[in-house]
Amino acid sequence: MDFIIEAAVKAVKTLYQTELNDADVNLQPTRKEFEGQITIVTFPFTRFSRKSPEQTGAEIGEVLKNDVKEIAGFNVIKGFLNISLADSYWVDKFYNEILPDDFADYKPNGKKVMVEYSSPNTNKPLHLGHVRNNLLGYSVAEILKADGYDVIKSNLVNDRGIHICKSMLAWQKFGNGETPESTGEKGDHLVGKYYVLFDKEYKKQIDELKSFGQTEEEAKKNAPIIKEAQEMLQQWEAGNEAVINLWKTMNLWVYDGFGKTYEALGVNFDKFYYESETYLLGKDIVEEGLERGVFFEKADGSVWIDLTADGLDQKLVRRSDGTSVYMTQDLGTAEEKYKNFHMDESIYVVGNEQDYHFKVLFLILEKLGKSWAKGLYHLSYGMVDLPSGKMKSREGTVVDADDLIAEMEQTAKEQTEALGKVENYSEAEKTELYHTIGMGALKYFLLKVDPKKRLLFDPNESVDFQGHTGPFIQYTHARIRSVLSRAEGFGNQKISIELLDVVERDLILILSQFPETISQAASSHSPAVIANYVYEVAKAFNKFYHEKSILQAEDETSKQFRLQLSSATARVIKKAMRLLGIEVPERM
RNA sequence: GCACUUGUAGCUCAAUUGGAUAGAGCAUCUGACUACGGAUCAGAAGGUUAGGGGUUCGACUCCCUUCAAGUGCACCA
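Remember, it's a predicted structure, so these values are computed and weren't measured experimentally. (Residues numbered from 1 in each chain as written. Chains lettered and ligands numbered in written order. Predicted model: local features only at pLDDT ≥ 70, side-chain atom pairs only at ≥ 80, totals over all residues. Heavy atoms only, no water.)

Asks: Requested: an account of the protein's contact with RNA strand B, with residues and values cited.
Replies: The immediate surroundings of RNA strand B are formed by 64 residues, with Pro29, Lys78, Asp300, Arg319 and Lys421 found nearest. Taken together, the sugar and phosphate atoms account for 58% of what RNA strand B places within 4 Å of the protein. At 3.0 Å from a phosphate oxygen of RNA strand B is found a side-chain nitrogen or oxygen belonging to Lys453. Element by element, the count of residues in the surface near RNA strand B is highest for helix 18 (residues 470-486), at eight residues. Class assignment for the residues of the surface near RNA strand B results in 26 nonpolar, 18 polar and 20 charged. (Near = heavy atom within 4 Å. Polar contact = N/O pair within 3.5 Å; in protein donor to acceptor, adjacent residues only side chain to side chain. Helix = DSSP H or I, 4+ residues; strand = E, 2+ residues; numbered from the N terminus. Nonpolar A, V, L, I, M, F, W, Y, C, P; charged D, E, K, R; others polar.)

Asks: Requested: an account of the packing of helix 11 (residues 241-265) against helix 16 (residues 401-418), with residues and values cited.
Replies: The description of two helices packed together rests on the angle between their axes and the distance between the axes. Contact pair helix 11 / helix 16: the axes reach a minimum separation of 10 Å and the direction vectors enclose 35°. The hand of the helix 11/helix 16 crossing is left-handed. Contact residues: Thr261, Ala264 and Leu265 in helix 11; Ala401, Asp402 and Ile405 in helix 16. Of the residues assigned to the contact of helix 11 with helix 16, the class counts are four nonpolar, one polar and one charged. (Axes fitted to C-alpha atoms, helices over the stretch in contact; angles between N-to-C directions. Left-handed = near helix turned anticlockwise from the far one by under 90°. Contact = heavy atoms within 4.5 Å.)

Asks: Before we move on, can you summarise helix 1 (residues 2-16) with the specific residues and values?
Replies: For helix 1, spanning 15 residues, the distance from its first C-alpha to its last is 21 Å, which sits close to the expected 21 Å at 1.5 Å a residue. Listed in full, the buried residues belonging to helix 1 are Ile4, Ile5, Ala7, Ala8, Val9, Ala11, Val12 and Tyr16. Lining the buried residues of helix 1 we find strand 1 (27-29), strand 2 (38-41), helix 2 (46-49), helix 3 (53-67) and strand 4 (80-85). (Expected span 1.5 Å × (residues − 1). Buried < 20%, exposed > 50% of the residue type's maximum accessible area, 1.4 Å probe, protein only.)

Asks: How would you explain helix 14 (residues 326-341) if you had to name every residue and give the values?
Replies: The end-to-end C-alpha distance of helix 14, which contains 16 residues, comes to 23 Å, matching closely the 22 Å that a straight helix rising 1.5 Å per residue would cover. Of the positions making up helix 14, those classed as buried are Met327, Thr328, Gln329, Asp330, Leu331, Gly332, Thr333, Ala334, Glu335 and Lys337. Just downstream of helix 14 lies His342, where phi reads positive at about 50°.

Asks: Which residues make up the pattern of salt bridges, and what values do they have?
Replies: Tallied over the entire structure, the rule returns 37 salt bridges. Across the salt bridge formed by Asp188 and Lys186, the nearest N and O atoms sit 3.1 Å from each other. Of the residues examined, Asp188 reaches a relative accessible area of 0% and is grouped as buried. A single salt-bridge network, built from bridges that share partners, covers Glu288, Arg292, Glu335 and Lys370. (Salt bridge = Lys/Arg side-chain N within 4 Å of Asp/Glu carboxyl O.)

Asks: Pulling in residues and values, what's your account of the sheet that holds strand 10 (residues 314-318)?
Replies: On the basis of which strands lie adjacent, the open sheet formed by three strands has the order 8-9-10 and antiparallel pairing. The two strands at the open ends of the sheet, each matched to only one other strand, are strand 8 (295-297) and strand 10. This sheet shows a mean twist of 40° between the axes of neighbouring strands, independent of strand direction. Pairing of strand 9 (residues 303-306) with strand 10, which is carried by four bridges, proceeds in the antiparallel orientation. Paired with Ile305 across the bridge in strand 10 is Lys315. (Pairing = 2+ DSSP bridges.)

Asks: Could you give an account of the side chain of Glu116, with specific residues and numbers?
Replies: Note that Glu116 resides in strand 5 (residues 112-116). Given the relative accessible area of 5%, Glu116 is considered buried. Only 2.6 Å separates the side chain of Glu116 from the side chain of Lys337, close enough to count as a polar contact. Once residues within four sequence positions are removed from consideration, Glu116 is found in contact with Ser154, Leu156, Lys337, Ile347, Tyr348 and Val349.

Asks: Just give me the short version of the packing of aromatic side chains, but keep the residues and values in it.
Replies: One pass over the full model with this rule turns up 26 aromatic pairs. Centre to centre, the rings of Trp236 and Trp247 are 5.3 Å apart; their planes meet at 75°, and the pair counts as edge-to-face. A residue pair is termed long-range when its members are at least 10 positions apart, and Trp236 in helix 10 (residues 224-238) and Trp247 in helix 11 qualify at 11 residues. You'll find Trp236 and Trp247 in the same group, each marked buried. Linked through ring pairs, Tyr117, Tyr255, Phe258, Tyr262, Phe269, Phe272 and Tyr274 together constitute an aromatic cluster. Taking the ring centre of Tyr279 as reference, the NZ or CZ of Arg160 above it sits at 3.8 Å. Positioned above the aromatic ring of Trp304, the side-chain terminus of Lys298 is 3.9 Å from the ring centre. (Phe/Tyr/Trp six-rings, centres within 6.5 Å; stacked < 30°, edge-to-face > 60°. Lys NZ or Arg CZ within 6 Å of the ring centre and 35° of its normal.)

Asks: Can you tell me about a negative patch on the surface, naming the residues and giving the values?
Replies: Taken together, the side chains of Asp2, Glu6, Asp22 and Asp24 present a region of like negative charge at the surface. Mapping Asp2 onto the fold places it in helix 1. What makes Asp2 exposed here is its relative accessible area of 58%. (Patch = residues over 30% accessible without salt bridge, like charges linked within 9 Å, V, L, I, M, F, W, Y side chains within 5 Å. Areas by Shrake-Rupley, 256 points an atom, 1.4 Å probe, with all protein chains shown as cover. Lys, Arg positive; Asp, Glu negative; His and termini not counted. Charge placed at Lys NZ, Arg CZ, Asp CG, Glu CD.)

Asks: Which residues make up the domain arrangement of chain A, and what values go with them?
Replies: Examined at the domain level, chain A breaks down into domain 1 (2-85), domain 2 (161-270) and domain 3 (401-579). Put simply, the middle of domain 2 and the middle of domain 3, counted by C-alpha atoms, are 44 Å apart. Every contact between the two is made by seven residues of domain 2 and, on the other side, six residues of domain 3. Buried surface at the junction of domain 2 and domain 3, summed over both partners, amounts to about 470 Å²; 55% is from carbon and sulfur atoms. Interface area lost by domain 2 to domain 3 is led by Thr261, Ala264 and Leu265, which between them contribute 77%. On the surface where domain 2 and domain 3 come into contact, there are one salt bridge. As a salt-bridge pair, Asp402 and Lys186 come within 2.8 Å of each other at their nearest N and O atoms. Looking at the side of domain 2 that touches domain 3, the elements with two or more residues in it are helix 8 (187-211) and helix 11. With three residues, helix 11 is the largest single contributor of residues to the side of domain 2 that touches domain 3. Per-class residue counts for the side of domain 2 that touches domain 3 are two nonpolar, three polar and two charged. (Domains from an automatic or database assignment. Buried area = accessible area lost by both parts, 1.4 Å probe.)

Here it is in structure tokens:
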């Protein structure tokens, strides 16, 4: 639409002798109830024209109509200049841009971006909160890729610390040598079971100590089992062979389990970082900060940064005993990542409870003069709530990721069978289809919502398959493919079409917005933009489909054109859904 | 207490980043091809955009304030 902006700038110049920037021209799609496809808001121009918005709009419209051959007409309503582009413009656009295979393919922009997501703890299985994180991270990575970035997906695994020792210790005490092989249990679930067991025992001991007169605080510190866990952590840090071996074994169980969940979710990673390898990083940065005077040392030897001038607090970066804290690690890891990949941007997909942490982290790196600090971005998302309240993995009130996936597949199966659509499917095809539909429903449900908003998930009200849902869009695709497969053969060759029906033009119009939608989703880091867009595409197609016959079109020309239009629509749907990590079936 | 985030139809979400009469889906009610696939389409009803003030041609959007919900304010990660 650049040519309209250009023409508008020119028109204002000739009419009112005022030089505008392209950005001063406010273009927006015309509302459905009015004639036209593109609208210019004329209010900003009235101070140059010194005329009413209506008059200004009419004058500019007149000039545009004469100057730009694609403009077929215009009308002005309350200061909004609605422009109608000629059908020939839309037909050309369709054949020149939308129908070719490379539609919405961005050229590489030469920039590199890292998307870090998932970041699980190795002491328990993944739950619904992780699912949101994984789907978001994967989708944002795909969107950036589509926008022309070179993308590195990374996963920083939290594989060390006291919480890991808890499951290890509980397994040692109560496990009787159980393994995933001996129990048939998924590795991450087995380990998670012992994490819960630890907590149970810990609580028991606390209650016991309290009954002997200790305060809650004392009891929490003095419970034998927590002391043992702390000892185990020290042994781990000292490199005690037995502890390390146990740690390695149990982590392998967990990774095996995670691998299966990741596969079911359809997410993947290019680079794994492990906290056991990065937790000592950042010490150099502390020294560097001290030298540069960015950090300061207190009398007890602890090192801090003072961010009060920026409206934040003082933040500790090294303990008085010389050891690192979480922030130190993250400073070091950020630098390590940059050294590894020299990316222009780095996105952290982490829940919004860490907003403050990342604000501080980025600010410190900026103050340290890291050139790459301005490319850091915290993609913060709201937590997933259950009707009963917050999920607590220690208390077992979680929606487990694997259970959820299985339930979605089951629901997809029931729905599909009830509709009687799979008579001639093989078992393998059925399994695949149910997975595709179930995951489509789940992913769409989670991704259509703006990431920063909290999400309420009611497990009893299973995810819908009708209306604004993944399966609705999948169904639209399958139906198009079905029609196309009945058609005898048609190509991409241009057919001369003079007039478009409204539903056809509306469909072309919305398809044409795909590239800019990708850019918008990329710059706002929001899969929801894509999700809402592809829904509009599906709706526009369904409307077209109901009003116009494709295979029984009035004449051969219309038939060919509609087949091409349907084919282009199917490709946009497929591509857009792919950006959300959702597959679309050929039939369902 | 301080800071950050959120608040839109009964429910779940939109609103082109300051633009027109705030739009969809679910649920409710009414309709629609001899099925190019009805997981569809058309329509009805449903709103003081949490409340109040301000800024301007124009506010769900920006500012102030009150209220509600959530999160964060460790020499934990």
